[in-house]
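What the coordinates show
The primary structure of each chain is shown beneath.
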Amino acid sequence: MSDRPQAKPQKAMSLRMRLFLVILPPLLLVSVMLGIWRFKAAQDTSEELFDRSLLSAALAISRDVSISDGDALSPSTRSFISDAGGGEIFYHVTGPGGYYVTGYAYPPRSEQAVNSDLPSYYLADYRGEEMRVLRMTESKTIGNLSGEIVVTVWQRVSDRQAFARDLALRAIALMGGLIGALTFTIWFGVQVGLRPLNDLQQAIRRRSPDDLGRIRRPVPTEVAGVVQTLNRLFGQVQDSIESHQAFISDAAHQLRNPAAALLALAETLPDVKDPAERALREAELIAAARASARLADQLLSLERLRYGYDGAMTRCDLNVVVRDICQRLAPVALSRDLDFSFEPCPEPLWVNADHVLIGEAIANLIENALRHGGPSLTKIAVRILHEQDRVVVVVQDDGIGIPFDQADVAFRRFSQLRHGEGTGLGLAIVEQVMRTHGGSARLEQTEKGTCVRLELPAAALPLAEEPAQAEPE
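Worth saying up front: this structure is predicted, and the values here are computed from it rather than measured.

Two numbers describe how helix 1 (residues 15-67) lies on helix 3 (residues 157-193): the axes approach to 10 Å, and their chain directions differ by 160°. One way to sum up the angle between helix 1 and helix 3 is to call them roughly antiparallel. The way helix 1 lies across helix 3 gives a crossing that is right-handed. Each residue belonging to the contact of helix 1 with helix 3 can be placed in one class, and the counts come to 19 nonpolar, five polar and four charged.

Of the volumes computed, that of the second largest pocket is approximately 480 Å³. Lining the second largest pocket are 21 residues, with Arg38, Phe39, Ala42, Ala168 and Ala171 sitting closest to its centre. For the lining of the second largest pocket, the element with the most residues is helix 1, which contributes 14 residues.

Moving on, we come to a nonpolar patch on the surface. A contiguous nonpolar surface patch, about 440 Å² in accessible area, is contributed by Leu15, Leu19, Val22, Ile23, Leu27 and Leu197. Per-element accounting of the nonpolar patch gives the leading share, five residues, to helix 1. With respect to the helices, strands and loops of the structure, Ile23 is situated in helix 1.

It is worth spelling out empty space enclosed by the protein at this point. Tallied over the entire structure, the rule returns one cavity of 30 Å³ or more. Empty space within the largest cavity amounts to approximately 40 Å³. What lines the largest cavity is simply Leu318, Ile358, Ile362, Val391, Val393, Met434, Leu454, Glu455 and Leu456. Going through the elements one at a time, helix 8 (355-372), strand 10 (390-397) and strand 12 (450-457) are the ones with two or more residues in the lining of the largest cavity.

Looking at where Ser62 falls in the secondary structure, it is placed in helix 1. The class of Ser62 is buried, set by a relative accessible area of 1%. A polar contact is formed between the side chain of Ser62 and the side chain of Glu138, at a distance of 2.5 Å. Those residues within four positions of Ser62 in sequence are excluded, and the remaining contacts are Met136, Glu138, Lys140, Ile149 and Val151.

Take the pairing of strand 12 next. Of all eight residues making up strand 12, seven are buried, and the element is well covered by its neighbours. Strand direction decides the pairing type here: strand 10 and strand 12, joined by eight bridges, are antiparallel. Looking across to strand 12, one finds that Asp397 is bridged to Thr450. Where strand 11 (residues 440-443) and strand 12 come together, four bridges link them in antiparallel fashion. In the strand pairing of strand 12, Arg442 is matched with Arg453. If you look at the hairpin formed by strand 11 and strand 12, you'll find six residues sitting between the two strands, and Gly449 has a positive phi there, around 80°.

About the thresholds
Residues numbered from 1 in each chain as written. Predicted model: local features only at pLDDT ≥ 70, side-chain atom pairs only at ≥ 80, totals over all residues. Heavy atoms only, no water. Axes fitted to C-alpha atoms, helices over the stretch in contact; angles between N-to-C directions. Helix = DSSP H or I, 4+ residues; strand = E, 2+ residues; numbered from the N terminus. Parallel < 35°, antiparallel > 145°, perpendicular 65-115°, else oblique. Left-handed = near helix turned anticlockwise from the far one by under 90°. Nonpolar A, V, L, I, M, F, W, Y, C, P; charged D, E, K, R; others polar. 1 Å grid on protein atoms, 1.4 Å probe; cavity = no way out; pocket = protein on both sides within 12 Å on 5 of 7 lines; lining within 4 Å. Points joined across faces, edges and corners; volume = space filled by probe spheres on them. Patch = residues over 30% accessible without salt bridge, like charges linked within 9 Å, V, L, I, M, F, W, Y side chains within 5 Å. Areas by Shrake-Rupley, 256 points an atom, 1.4 Å probe, with all protein chains shown as cover. Salt bridge = Lys/Arg side-chain N within 4 Å of Asp/Glu carboxyl O. Buried < 20%, exposed > 50% of the residue type's maximum accessible area, 1.4 Å probe, protein only. Polar contact = N/O pair within 3.5 Å; in protein donor to acceptor, adjacent residues only side chain to side chain. Contact = heavy atoms within 4.5 Å. Pairing = 2+ DSSP bridges.

These figures capture arrangement, not role.
So, in structure tokens, the structure goes:
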């Protein structure tokens, strides 16, 4: 034995976890993408709002300077520039001629040229800190001087970023809460959605092994297909069990009589002293044993064909298979002074088949004719035909015959239309052999006797380079 450790069977992922993983990750991905987009949009919006607050502060300062002739800013303007959302606002104002009016002494300077006609925004360094600067030029009159005044206002970039970061953290916290609530909702929804499936599992688990009835409980549409498949499987299993039980009952009934006959012959044999009588009894015992063995073989063959053929099918010429069977049984027919004929097809008839089973089916038909043909039987004819993509074997006799309206009964196992020898399994085995090979067996109407027609699908012709088909022994 190998010492290598056996691999443990992989455990399949639960349907609950599978649904959870299918639904949640796309939602999380979409939420993250929307969050990133919303964060960038919020940053852009906040920057725009901060810049507008700078512009509002510059306009308010310009107005106050013009009204007060540069003396002071109004209280509302001072409150606005000190409590702006992006941090404290600094300012510097120069009047006509460039003289200093009010504000901080030195404003941040831009390294690039600034358009003096429109409000200009730029970033500049002021006392070691990065600043967002707005420079605006307007025509005003201060005192008795008229001309252009320049208002410069600025804010710390770090204050603006801190304010934006605080807003972002709040948005992230809100988004995290929403994702958590969404995760819980999805998990709860999957649990509730799978409850009918869990109830169905519990109902099936509570069933006894003998209960193969249909599942009739209401189930969701998505599970209806599974329930229909289970019901169909239960029905097939029930039919199979009933068929096996019927077979066991029929087989026990059929084997009881041969077994009783064997026992009776065996018990009387020791009391027979006359050599001739003893020899007769021994011959009867051997014949009864052979009949019992044939019955058992036919029973096993029939069940093996009904519940799984495991033999090997090969390409063979049906002419050869049927000819060998006819050669084996022809002496029996000729010994009874019967006209026995075999008419093969002129060309080879290739079929994919188990030649042993096909031979047994043909033999059963010929033996049935010999056994049940009655005193009016004078001939047995076997013909092979080729019709399009089918290969046909016809076995016909002129004996007592099987009524055409009782064909279904004749092919039923253990059925005998007349009392006599036989097991009632011959035609049932023939039909099962044909079904195993994808063919069919049926009775055909004839004026006298019995005519059985067997059909098999024809196989493709063998390739030229392939060796010749070996004849079955």
